[in-house]
Amino acid sequence: MTTGSEFVLLAGRPALDLCNTQYGGRDLLGCADDLARWFVAAGLADVPPGVSRRDLGAARGLRDGLRTALLASDGPAVATLAQGWLLRAPGRLAVEPGTLEPRFTPQDQTCACLLVAAVLDALELVRDLPGRVRECAAPGCGVVYLDTSRNRSRRWCSMERCGARAKASAYYQRHRGEAGGRGADAAG
């Protein structure tokens, strides 16, 4: 798990890292400066870009739409979001000949251009890894992650963050029950 200050950057994927700017009832993009700092923490910019209130609102809308569509594995919804976003981002889209990966060259370092990485990542997730974006099962967490387990059974955003806590709690509950049962047998 990597955290840039208070941001949750578990995924190593710009789309999921953007989605994780809101989780468990917390919105980490409370103001324009938060979004500017997130760009740097997520590795999408070297220095905080200028962010307007309008940029912030658009980024939150993209985040909310991507989160819903990725969790539902809704390819057409992601495509619609991507198409709309790419129309507002001045730059050039090209394809890397060796990898066939799309590459966006921004005209400017605007918020719209910086978020193209998240949009292209979301398209890749829904196209190449459908049904693998999940929400953490830990109570109160809500972080989204990519389930890379072979049998698609991963339940937590990370073992360090939520999995170890859940396993420790389950262990405690099991052994607390056993200890209570043994105590009653010894008394009787």
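Everything in this summary refers to the structure shown in the same document. Every value quoted in this text rests on a predicted model; they were computed, and no experiment measured them. (Residues numbered from 1 in each chain as written. Predicted model: local features only at pLDDT ≥ 70, side-chain atom pairs only at ≥ 80, totals over all residues. Heavy atoms only, no water.)

Before going further, it helps to examine the nonpolar core. Nonpolar side chains in soluble globular proteins tend to be buried together. By size, the foremost hydrophobic cluster in this structure holds 54 residues, and its most contacted members are L35, W38, F39 and L70. Looking at this core, the elements that each hand over two or more residues are β2 (7-9), α1 (14-19), α2 (32-41), α3 (53-71), α4 (75-88), α5 (111-114), α6 (116-128) and β8 (144-146). (Core = buried A, V, L, I, M, F, W, Y, C linked by side-chain atoms within 4.5 Å. Buried < 20%, exposed > 50% of the residue type's maximum accessible area, 1.4 Å probe, protein only. Helix = DSSP H or I, 4+ residues; strand = E, 2+ residues; numbered from the N terminus.)

Mapped onto the fold, G65 is located in helix α3. Taking the C-alpha atoms as reference, G65 lies 8.1 Å from A77; in sequence the two are twelve residues apart.

Attention now moves to the side chain of D34. Residue position: D34 is located in helix α2. Relative accessible area serves as the criterion here: at 14%, D34 is assigned to the buried category. Ignoring anything within four residues of it in the chain, the contact list for D34 reads F7, L28 and L29. (Contact = heavy atoms within 4.5 Å.)

Along α2, the residues classified as buried are A32, D34, L35, A36, W38 and F39. Among the structural elements, β2, α1, α3 and α5 are those in contact with the buried residues of α2. Looking one or two residues beyond α2, the residue adopting positive phi is G43, at roughly 80 degrees.

Before going further, it helps to examine the pattern of salt bridges. Within the structure shown, the criterion is met by eleven salt bridges. In this structure, the salt-bridge partner of D128 is R127, at a minimum N-O distance of 2.9 Å. For D128, a relative accessible area of 44% translates into the label partly exposed. For R127, a relative accessible area of 52% gives the class exposed. Each member of the salt-bridge network shares a partner with another, and the members are D27, R60, R63 and D64. (Salt bridge = Lys/Arg side-chain N within 4 Å of Asp/Glu carboxyl O.)

This paragraph deals with α3. In an α-helix, one full turn covers 3.6 residues, which means residues spaced three or four apart are oriented alike. Counted at 1.5 Å a residue, the expected span for α3 with its 19 residues is 27 Å, and the 27 Å between its end C-alpha atoms agrees. Restricting attention to buried positions, one finds in α3 the residues L56, A58, A59, L62, R63, L66, R67, A69 and L70. Note on α3: the residue one or two positions beyond its end, S73, has a positive phi of about 55 degrees. (Expected span 1.5 Å × (residues − 1).)

It is at 10 Å that the axes of α4 and α6 come closest, and there the two elements cross at 160 degrees. Regarding the angle of α4 to α6, the classification is roughly antiparallel. As α4 runs across α6, the sense of the crossing is left-handed. Between α4 and α6, the residues in contact are G75, V78, A79, A82, W85 and L86 and V116, V119, A122, L123 and V126, respectively. Split by residue class, the contact of α4 with α6 holds ten nonpolar, one polar and no charged. (Axes fitted to C-alpha atoms, helices over the stretch in contact; angles between N-to-C directions. Parallel < 35°, antiparallel > 145°, perpendicular 65-115°, else oblique. Left-handed = near helix turned anticlockwise from the far one by under 90°. Nonpolar A, V, L, I, M, F, W, Y, C, P; charged D, E, K, R; others polar.)

For the rest of this paragraph, the subject is the packing of α3 against α4. Taken N-terminus to C-terminus, the directions of α3 and α4 make an angle of 160 degrees; their axes are 9 Å apart at the nearest point. When the axes of α3 and α4 are compared, the pair comes out roughly antiparallel. Crossing handedness for the pair α3 and α4: left-handed. Seen from α3, the contacting residues are A58, A59, L62, G65, L66, A69 and L70; seen from α4, they are A77, V78, L81, W85 and R88. Taken together, the residues that form the contact of α3 with α4 break down as ten nonpolar, one polar and one charged.

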